[in-house]
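Descriptive structure summary
So you can see what is in the structure, the chains are spelled out below.
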Amino acid sequence: MYGAQLVDDENDENLYYPFASKIEWEVARWAKLHGSSSTAFSDLLSIDGQVIVAGEAFDVYYCDIIECVKSLYGDPDFARYLTFAPEQHYADDDQTVCLFHDMHTGKWWWETQKKLNECCPGGTIVPIIISSDKTQVTMFRNKTAYPVYLMIGNIPKEIQRKPSSGSHILLAYLPTTRLEHITNKASRRRTIANLYHACLCRVLAPLKSAGSEGIFMCSSDGAHRRCHPLFASFVGDYPEQLLATGVKFGECPKCDVEAKDTGSNMTPFHMRKLSEVLDALAAFDHGNLAFVHACATAGIKPIIHPFWEDLPFANIFRAITPDVLHQLYQGLVKHLLGWLSEACGAAEIDARCRRLPLNHHIRLFTKGITCLSRVSGTEHAQICRFILGIIIDIRLPNNLNASRLLQALHAARHYHLMITLFGTTDNYNTKYTERLHIDLAKDAYCATNHKDEFIQMTRWLERKEKILRHQKYVSWCLAGGHQFEPYHSRPPDMTFSCELVMTKHPSAKAVSIQKLVEDYGATHFREALARYIACHGQSDHPAPLRNRALDHLAGDICFPFHSLPVFHKIKWCSIDTGGHAKGHVTLDSAHVKPQQKLGSRLIDRRSDTVLSIQLLFPPTVNVPPHLAYIEWFTPFPSAPDRNNGLYKLSRLMHGSNRVASIVPVGDIVRSVHLIPKFGDTAPREWKSKTVLEDCNTFWLNSYIDRHTFSIFR
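Procedures and definitions
- Residues numbered from 1 in each chain as written.
- Predicted model: local features only at pLDDT ≥ 70, side-chain atom pairs only at ≥ 80, totals over all residues.
- Heavy atoms only, no water.
- Helix = DSSP H or I, 4+ residues; strand = E, 2+ residues; numbered from the N terminus.
- Buried < 20%, exposed > 50% of the residue type's maximum accessible area, 1.4 Å probe, protein only.
- Contact = heavy atoms within 4.5 Å.
- Areas by Shrake-Rupley, 256 points an atom, 1.4 Å probe, with all protein chains shown as cover.
- Expected span 1.5 Å × (residues − 1).
- Arc of directions from axis to C-beta.
- Phe/Tyr/Trp six-rings, centres within 6.5 Å; stacked < 30°, edge-to-face > 60°.
- Axes fitted to C-alpha atoms, helices over the stretch in contact; angles between N-to-C directions.
- Parallel < 35°, antiparallel > 145°, perpendicular 65-115°, else oblique.
- Nonpolar A, V, L, I, M, F, W, Y, C, P; charged D, E, K, R; others polar.
- Salt bridge = Lys/Arg side-chain N within 4 Å of Asp/Glu carboxyl O.
- Patch = residues over 30% accessible without salt bridge, like charges linked within 9 Å, V, L, I, M, F, W, Y side chains within 5 Å.
- Lys, Arg positive; Asp, Glu negative; His and termini not counted.
- Charge placed at Lys NZ, Arg CZ, Asp CG, Glu CD.
- Polar contact = N/O pair within 3.5 Å; in protein donor to acceptor, adjacent residues only side chain to side chain.
- Left-handed = near helix turned anticlockwise from the far one by under 90°.
- Pairing = 2+ DSSP bridges.
- Core = buried A, V, L, I, M, F, W, Y, C linked by side-chain atoms within 4.5 Å.

1. Focus on the overall build of the chain
Scanning the chain from N- to C-terminus turns up 22 helices and 28 strands. A buried classification covers 46% of the 713 residues belonging to the chain. Within the chain, contacts between residues separated by at least 24 positions form 68% of all contacts whose residues are at least 6 apart in sequence. Total accessible area on the chain stands at roughly 37,200 Å², and carbon and sulfur atoms take up 53% of it.

2. Notes on helix 3 (residues 107-119)
Between its terminal C-alpha atoms helix 3 stretches 19 Å, which fits the 18 Å expected from 13 residues at 1.5 Å a residue. Every buried residue of helix 3 is accounted for by Trp108, Trp109, Thr112, Gln113 and Leu116. The arc that holds every buried residue of helix 3, seen down its axis, measures 120 degrees, which confines them to one face. Exposed positions of helix 3 whose direction lies more than 90 degrees from the buried face are Lys114 and Glu118. Looking at the buried side of helix 3, the elements it contacts are strand 5 (124-132), strand 11 (224-235) and helix 15 (415-422).

3. Considering helix 12 (residues 346-354)
Restricting attention to buried positions, one finds in helix 12 the residues Glu348, Ile349, Asp350, Ala351, Arg352 and Cys353. The inward-facing, buried residues of helix 12 abut helix 11 (324-344) and helix 14 (387-390).

4. What about the packing of aromatic side chains?
In total, this model carries 19 aromatic pairs according to the counting rule given. A ring pair is formed by Tyr146 and Tyr196, whose centres lie 6.0 Å apart and whose planes are at 35 degrees; its orientation type is tilted. With Tyr146 in the loop between strand 7 (144-145) and strand 8 (147-152) and Tyr196 in helix 5 (residues 185-204), the pair connects residues that are 50 residues apart, well separated along the chain. On the basis of relative accessible area, Tyr146 is assigned to the buried category, the value being 7%. In this structure Tyr196 comes out as buried when scored by relative accessible area, which is 4%. Both rings, one in Tyr238 and one in Phe249, keep their centres 5.9 Å apart while their planes meet at 65 degrees; by these two values the pair is edge-to-face.

5. Points about the packing of helix 8 (residues 274-282) against helix 9 (residues 288-298)
It is the contact of helix 8 with helix 9, at a shortest axis distance of 8 Å, that shows an interaxial angle of 170 degrees. Judged by the inter-axis angle, helix 8 sits roughly antiparallel to helix 9. Where helix 8 abuts helix 9, its residues Glu276, Val277, Ala280 and Leu281 lie against Phe291, Ala294, Cys295 and Ala298. Per-class residue counts for the contact of helix 8 with helix 9 are seven nonpolar, no polar and one charged.

6. Comments concerning the pattern of salt bridges
All told, the structure shown has 21 salt bridges when counted by the stated rule. Here Glu180 and Arg178 are joined by a salt bridge, their closest N and O atoms 4.0 Å apart. When its relative accessible area of 45% is taken as the criterion, Arg178 is described as partly exposed. With its nearest N and O atoms 3.0 Å apart, the salt bridge here joins Arg459 to Glu462.

7. A short note on a positive patch on the surface
A cluster of basic side chains, namely Lys185, Arg189, Arg190, Lys248 and Lys301, defines a positive patch on the protein surface. In this structure, Lys185 sits in helix 5.

8. With respect to the environment of Asp426
As for its position among the elements, Asp426 is in the loop between helix 15 and helix 16 (430-446). Classification of Asp426 by relative accessible area gives buried; the value is 17%. Between the C-alpha atom of Asp426 and that of Val324, which follows or precedes it by 102 residues, the distance is 8.5 Å. When residues no more than four places from it in sequence are discounted, the contact partners of Asp426 are Lys157, Arg161 and Tyr432. Among the polar contacts made by the side chain of Asp426, one reaches the side chain of Lys157 at a distance of 3.3 Å. Side chain to side chain, Asp426 and Arg161 meet in a polar contact 3.0 Å long.

9. Things to note about unusual backbone geometry
If you check the backbone angles, Gln95 has positive phi at about 55 degrees while not being a glycine. Within the secondary structure, Gln95 is located in the loop between strand 3 (89-90) and strand 4 (98-99). Non-glycine residue His305 carries a positive phi angle of around 50 degrees. Summarising the element assignment, His305 is placed in the loop between helix 9 and helix 10 (316-319). Judged by relative accessible area, His305 falls into the partly exposed class, the value being 43%.

10. Quick word on the side chain of Glu379
The topology assignment puts Glu379 in helix 13 (residues 377-384). Glu379 has contacts with Arg363, Phe365 and Arg374, leaving out every residue within four places of it along the chain.

11. Observations concerning the packing of helix 16 against helix 17 (residues 453-478)
How two helices sit against one another is set out by the angle between their axes and by the gap between those axes. Following both chains from N to C, one finds helix 16 and helix 17 inclined at 120 degrees, their axes separated by 9 Å at the closest point. It follows from the interaxial angle that helix 16 and helix 17 lie oblique. The handedness of the crossing between helix 16 and helix 17 is right-handed. Residue-level contacts link Asp439, Leu440, Ala441, Asp443, Ala444 and Tyr445 of helix 16 to Glu453, Met457, Trp460 and Leu461 of helix 17. Looking at the contact of helix 16 with helix 17, its residues break down into seven nonpolar, no polar and three charged.

12. Comments concerning the environment of His707
Examined against the element boundaries, His707 turns out to sit in helix 22 (residues 706-712). Each C-alpha atom, one on His707 and one on Arg670, is 10.0 Å from the other, the two residues being 37 residues apart in sequence. Within polar-contact distance, the side chain of His707 engages the side chain of Arg670 at 3.0 Å.

13. Quick word on the sheet that holds strand 28 (residues 697-700)
The strand order across the open sheet formed by three strands is 22-28-27, and the pairing between neighbours is antiparallel. A single partner strand is all that each edge strand has here, and the edge strands are strand 22 (648-650) and strand 27 (674-676). The average undirected angle you get between the axes of adjacent strands in this sheet is 40 degrees. As defined by bridge partners, strand 27 adjoins strand 28 across three bridges and the pair is classed as antiparallel.

14. Observations concerning the nonpolar core
Membership of the largest hydrophobic core comes to 62 residues, with the highest contact counts inside it found for Phe307 and Ile316. Once you skip the residues sitting within four places of it in the chain, Ile316 turns out to touch Phe231, Phe234, Ala244, Thr245, Phe307 and Trp308. Of all hydrophobic cores here, the second largest spans 38 residues; its members include Ala343, Cys353, Ile390 and Phe698.

Structure below.
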């Protein structure tokens, strides 16, 4: 335990030891986390070394992987969330539909646990997740860093997908040499690959004995277990996957499909067999020619002792995980947008994007999407939320069928298997490690004087880690060493567990009814409010009034006021249901803004669309604290459109007037996003803020978030 290393009989009363006082501790923490740059030149004692490849020595900076695993395993922040055994979860009471989410619900943990119990019964598996990715640390001087990150599968994905949680550890900096002195390109590529594996062999070497024999580790709850840290999965983009597996460019790192067939969904394939590859690697002892020939037959490059060769229970071809960021968002979606631009015209695609209604979950691309450059994965994810809706009615050249727009990506054929093995794809998303580059590579480089930078970077990070670790210890001591109740992992659900939140004070304290009609667009506000008051007044009547009788009673109502307080925003907030975060999280919101004049320019009003429950019984006697004016759309049809899977909605009309009501704000469930039915060509007079008024027919967008998808799909 960390605290045991700080025990000193003379300092039992000082929680901040080895610092003399709280003020010294605060100053030291500020200096390392927020202060000026560190320019230490001293060599590291225990986290650097040399690897010799092709007769040349290369520096590699790394930590003891066992100590890193112990650090994550024994972190008090993760104590109540750790999982120690595989579980089977089901989506139905009959246990016929399996549910996969966190890593411990996948089949890999079950299968490996059974194999481990055959040789070492009673062991606890600690799945090791390794990620590597070379990154630029400067904008102009072409300086690079090659970090390797470590995660363990015992920590839930809700924590791991937050880089600030500290669930990722910088395990090593690999050499970034280009070996330009080797003139033959093939030899240079082969030497770089061997250097990569030689370095990782050095870094991961302790896993060989620890994985097979086990080591006793103590979690923060004080329990000692015999743990087996086993290499489980490798997270990286396609070039990193090829480098780790030794597969040639253009081929799949998981199966034996040929490069020319990766664009087909019909070509049969078989997963690569580890036993055949290991046999080929063993041919290294029989001479170079035999080794090269054996590797070519097995479908890999001639790699000398890859890092996964001797790791217990490891299968690198199964360990390669889907790369959602680069394969789907930066791959499939990127090429799909290019195809759409050529087929339908960039001007038409951009015109539709600019005319989408505003919504909490949708980013409005005011300049369109075809002219974007250096598009991030987050931006591609946003585009995915509405791309289907804007191309439904678009005119295609030569009468092409819109259902043929999506071309399959070969890697997606492995997603089902990988989800069943390791859980959902957010357990191993390269988006997390891309974010870590800022904290653990780029910021560290900026703290150096840019000469012999890796020595300084590792020293700077080492000191920062010590401060952060001591900060956790101080916080734990100040909390009285409180032990939390164990957290029992439960399957995620698609429910919209939230609470409606209104601001304490209205956005506008007194808005006249006439202004509500003219500037807010509440055309039928007077009639709707009169009907609500009439209905509310008849709530105790044994036979509530209907239609004409209610309209007649509402016509006799006179309002004893001329203005009302108005709220411009509704929020739905939730405390993290998984217990992994503190404070309220805004899940959804709906906005309204009046029409305004800014000088000579007229700013359009804004009104969001929401999903409301229409009560079939009279309202209660108690008047709700907040009411909302809404205009209704037609009820949902019995089934969505068979071609696109979306529901078609239109304005609900009574004669030539829109049907409007006053409802309690508490009856509004959430916001929804409607995509206009543009037709062959989007009308250029439509605008984003007024399209809900201009258009009469819409498609309900069911892709804005998981909750909407679960309801309408």
